[in-house]
Amino acid sequence: MLWQAALAVRDLGRLHDIASILIRYGFGDLARRMGLAHALERAGHALHWREVDELAHLAPPARARRALEDLGPTFVKLGQMLATRVDLFEPEWIAEFGKLQDSAPPAPWESVCQQLTEDLGAPPAEVFAAFDQEPLAAASIAQVYRARLDDGSEVVVKVRRPDIRPIIEADLRWLHRLADIAEVEYPELRLFRPSEVVGQFTRSLRRELDFSAECRSAERIAANFAGYTDREAVMPSANEPQAATGAPPIIVIPKVYWPWTGERVCVQEFIDGISGRQLAAIEQAGLNRQILARRGAHAVLKMIVEDGLFHADPHPGNVFYLPGNRIGFIDFGMIGRLSDARQAQLVQLLLGLVKHEPRRVADVLFEWMDDTPVNEDELLLEIEAFVDQYHGVPLKQLSLGAMLSDLIAILRQHQISLPADLTLLVKAFISLEGMGRELDPDFDMAGQAMPLLEAAMRARYRPRALARRSWQTATEILGLLTGLPQDISRMLRAARRGQLDIRIDVTHLKRVGNQIDSAANRMTIGIVVAALIVGSSIVMTVPGGPTLLGLPLFGLLGYLGAGLGSIWLLRSISKSARVDPD
């Protein structure tokens, strides 16, 4: 299959680039064992196996990061996604993946303008009152321009890079193939779940390519913050006006202008504020860093704990600080979603960590585990020891991000990975706490989270919430009972027709069956070999017939067949003995 795929003209050149970069950074064995080198050499592409530069002496995490940078936009995005998989990679790998910057030289204005004209239905100069052709920022997938509408509204125009989708789709095809091969050829890589990671990455990247989906997510989050007010009394400050009717919103989400928004372009309100990277400018603007840290934490915690829809990449470049100690969020291409059940589990886990209740933490982790075999008693003891080490520590001294990182390290030691929908969440928590401490060195993430967690727990047991869940359960049960007669009737009809199939899936049963088949084959060959030996011995005693070297020809042929069968049988037994029983 790999050889046939390599013959595809549209992907062969890209495959050559991938293999060459892997070799250059000292991962030539990876390319060889995955079959990439063989496929390319069969297709007539020569690979320079000695093309390993001075970067090969770097540590593997650094070499992997540099290789991803050279492999291009898709792989840079992959590295950024891997930076969220703290459950799979050691901290040094996460740190290197976190250095990957999504930036690229801007595409030529002529190609951008042509695509914009197709999407807008008219040239940008006719749609906008003003349009700055110099991009504000250029990334691997999109670049952003500033413009002004006819009504005077300042907007940003986000444009997908022309012809980027075919390149990304080709890379995704090869990533899926490489992941499948890696799991077969590298048993040690199965711990990193390459197929699962690539599947998660593919879904995320394809959503990111659709700007209309990004804008719908932004509007949903904006709706969740409608009427949102500060939840705590704010210290008196000239820079902090008291909330009042008609006051500007505390959390600002850019407005979407749908007449000019589609899959490849989106037009949103321009947020004029101080970037989260410009910490020195905050105090110069008269803003209160403590209030900003607290409000940012409350906003993200609300998205996670209450709404179940959160900005999964709240790094400083996506946050702006506005007059009145308000906060603006931009770039909703990476969004996390949590079901009601997952939200409840998360609240239980965080409360267990903050309140030092190891049993509560362990119960949630056991629910998150997949079919990976694990010693639950040993894991529980480690969790209890981990939680107990924080017993008696004041809430203000707890680092919720560090606690989550240490807890995930325990899971990683037991080869337990988090569900895919939680990896973004953990990364968002860690990033949020880091931003809070940059704004305010005394920032208390655990203390800020505690009231919201307790409120969320109380909300789940209010009469209205209990009644709603009870009604949902009753509706599901009623639907099941209503359809039960039809299901039984279909089953009975299938049984009368002899079409009722009962399938039992027992773990490793297929492998046991293969072993039985192999043993039966060897036994059959053994019987045939024995029969040939006995028959040939009888033929040797019968006079007459053709001879070879003075011996009966048929007897010699029988002995030859018995010898070949014996050699095959011995090799089969030797090969099966070398196979790992696990």
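Residues numbered from 1 in each chain as written. Predicted model: local features only at pLDDT ≥ 70, side-chain atom pairs only at ≥ 80, totals over all residues. Heavy atoms only, no water.

**Considering the pattern of salt bridges**
Part 1 of the argument: Inspection of the entire model under this criterion finds 17 salt bridges.
Part 2 of the argument: A salt bridge links Lys-158 to Glu-214, with the nearest nitrogen and oxygen atoms 3.0 Å apart. With a gap of 56 residues between them, Lys-158 in strand E4 (residues 154–160) and Glu-214 in helix H12 (residues 211–224) connect regions that are remote in the sequence.
Part 3 of the argument: By relative accessible area, which is 3% here, Glu-214 ends up buried.
Part 4 of the argument: A salt bridge links Glu-283 to Arg-289; the shortest N-O distance between them is 3.9 Å.
Part 5 of the argument: A single salt-bridge network, built from bridges that share partners, covers Arg-160, Arg-165, Glu-169, Arg-206 and Glu-263. (Salt bridge = Lys/Arg side-chain N within 4 Å of Asp/Glu carboxyl O. Helix = DSSP H or I, 4+ residues; strand = E, 2+ residues; numbered from the N terminus. Buried < 20%, exposed > 50% of the residue type's maximum accessible area, 1.4 Å probe, protein only.)

**Here we look at a positive patch on the surface**
Part 1 of the argument: There is a patch of like positive charges on the surface, built from Arg-203, Arg-207, Arg-220 and Arg-337.
Part 2 of the argument: Along the chain, Arg-207 turns up in helix H11 (residues 194–209). (Patch = residues over 30% accessible without salt bridge, like charges linked within 9 Å, V, L, I, M, F, W, Y side chains within 5 Å. Areas by Shrake-Rupley, 256 points an atom, 1.4 Å probe, with all protein chains shown as cover. Lys, Arg positive; Asp, Glu negative; His and termini not counted. Charge placed at Lys NZ, Arg CZ, Asp CG, Glu CD.)

**Side note on the confidence of the model for the protein**
Part 1 of the argument: Summary statistics for the protein give a mean pLDDT of 78 and a share of 82% for residues scoring 70 or more.
Part 2 of the argument: Scored below 50 in pLDDT, residues 1–9 shows 15 contacts in the model against residues more than four places distant or in partner chains.
Part 3 of the argument: Note that residues 578–582 has pLDDT below 50 and, in this model, 4 contacts with residues that lie over four places away or in other chains. (pLDDT = per-residue confidence, 0-100. Contact = heavy atoms within 4.5 Å.)

**Some details on the packing of aromatic side chains**
The way to describe two aromatic rings as a pair is by their centre distance and the angle between their planes.
Part 1 of the argument: In the structure shown here, the tally under the stated rule is 6 aromatic pairs.
Part 2 of the argument: On the numbers, 5.6 Å between centres and 65° between planes, the contact of Trp-109 with Tyr-145 is edge-to-face. Highlighted residues: Trp-109 in helix H8 (residues 109–120) and Tyr-145 in strand E3 (residues 142–148), separated in sequence by 36 residues.
Part 3 of the argument: When the centroid spacing of 5.2 Å and the interplanar angle of 85° are considered together, the rings of Phe-225 and Tyr-228 count as edge-to-face. For the pair Phe-225 and Tyr-228, a shared accessibility class is recorded, and that class is buried.
Part 4 of the argument: These aromatic residues form a ring-pair network of at least three members: Trp-109, Phe-128, Phe-131 and Tyr-145.
Part 5 of the argument: Lying over the aromatic face of Phe-211, Lys-158 brings its terminal NZ or CZ to 5.1 Å of the ring centre.
Part 6 of the argument: The aromatic ring of Phe-225 is capped on one face by Lys-302, whose charged end is 4.9 Å from the ring centroid. (Phe/Tyr/Trp six-rings, centres within 6.5 Å; stacked < 30°, edge-to-face > 60°. Lys NZ or Arg CZ within 6 Å of the ring centre and 35° of its normal.)

**A few points about the nonpolar core**
Part 1 of the argument: Residues Ile-251, Ile-304, Tyr-321, Phe-329 and Phe-429 are the most contacted members of the largest nonpolar core, which totals 116 residues.
Part 2 of the argument: Setting aside chain neighbours within four positions, we find Tyr-321 in contact with Gly-273, Ile-274, Ser-275, Gly-276, Ile-282, Leu-287, Leu-292, Arg-326, Ile-327, Met-435 and Leu-439. (Core = buried A, V, L, I, M, F, W, Y, C linked by side-chain atoms within 4.5 Å.)

**Things to note about the side chain of Arg-65**
Part 1 of the argument: Tracing the chain through its elements places Arg-65 in helix H5 (residues 60–71).
Part 2 of the argument: Given a relative accessible area of 15%, Arg-65 falls into the buried group.
Part 3 of the argument: Reaching out from Arg-65, the side chain makes a polar contact with the side chain of Glu-96 at a distance of 3.0 Å.
Part 4 of the argument: In contact with Arg-65, not counting residues within four places along its chain, are Glu-96, Lys-99 and Leu-100. (Polar contact = N/O pair within 3.5 Å; in protein donor to acceptor, adjacent residues only side chain to side chain.)

**A few points about the sheet that holds strand E7 (residues 274–275)**
Part 1 of the argument: The 4 strands lie next to each other as E5-E10-E9-E7, forming an open sheet whose pairing is mixed. Across the chains shown, the open sheet's two edge strands, defined by having one partner strand only, are strand E5 (251–252) and E7.
Part 2 of the argument: Across the sheet, helix H14 (residues 289–307) lies against E5, strand E9 (319–322) and strand E10 (326–329), angled at about 45° from E10, the strand it touches most. (Pairing = 2+ DSSP bridges. Axes fitted to C-alpha atoms, helices over the stretch in contact; angles between N-to-C directions.)

**Digging into the environment of Leu-400**
Part 1 of the argument: Relative to the helices and strands, Leu-400 is located in helix H18 (residues 400–413).
Part 2 of the argument: Linking Leu-400 and Ala-446, residues 46 residues apart in sequence, is a C-alpha distance of 5.8 Å.
Part 3 of the argument: Residues within four places of Leu-400 in sequence aside, it is in contact with Leu-350, Val-354, Phe-429, Glu-433, Met-445 and Ala-449.

**Section: the packing of helix H15 (residues 340–354) against H18**
Part 1 of the argument: At a minimum axis separation of 11 Å, H15 and H18 run at an interaxial angle of 105°. One way to sum up the angle between H15 and H18 is to call them roughly perpendicular. Of H18, the residues touching H15 (which contributes Leu-349, Leu-350, Leu-353 and Val-354) are Leu-400, Met-403, Leu-404 and Leu-407.
Part 2 of the argument: Here the contact of H15 with H18 is built from residues that sort into 8 nonpolar, no polar and no charged. (Parallel < 35°, antiparallel > 145°, perpendicular 65-115°, else oblique. Nonpolar A, V, L, I, M, F, W, Y, C, P; charged D, E, K, R; others polar.)

**Description of the environment of Tyr-321**
Part 1 of the argument: You can see Tyr-321 is positioned in strand E9.
Part 2 of the argument: Judged by relative accessible area, Tyr-321 falls into the buried class, the value being 3%.
Part 3 of the argument: Counting along the chain gives 32 residues from Tyr-321 to Arg-289, while the straight-line C-alpha distance between them is 9.7 Å.

**Re the environment of Phe-211**
Part 1 of the argument: Counting through the fold element by element, Phe-211 comes out in helix H12.
Part 2 of the argument: Looking at Phe-211, the relative accessible area reads 1%, which means it is buried.
Part 3 of the argument: In sequence terms Phe-211 and Glu-263 are 52 residues apart; their C-alpha atoms lie 4.9 Å from each other.
Part 4 of the argument: Setting aside residues no more than four positions away along its own chain, Phe-211 makes contact with Ala-142, Lys-158, Val-159, Arg-160, Gly-262, Glu-263, Arg-264, Val-265 and Cys-266.

**Things to note about the pairing of E9**
Part 1 of the argument: Residues of E9 alternate between two faces, with Val-319 and Tyr-321 on one and Phe-320 and Leu-322 on the opposite face, all of them buried.
Part 2 of the argument: Alignment of E7 against E9, held across 2 bridges, turns out to be antiparallel. Following the sheet pairing, Ser-275 is matched in E9 by Phe-320.
Part 3 of the argument: One ladder, built from 4 bridges, connects E9 with E10; its direction is antiparallel. Among the inter-strand pairings, Leu-322 is bridged to a residue of E10, identified as Arg-326.
Part 4 of the argument: In sequence, E9 turns back onto E10 through a hairpin of 3 residues, with Gly-324 there showing a positive phi of about 80°.

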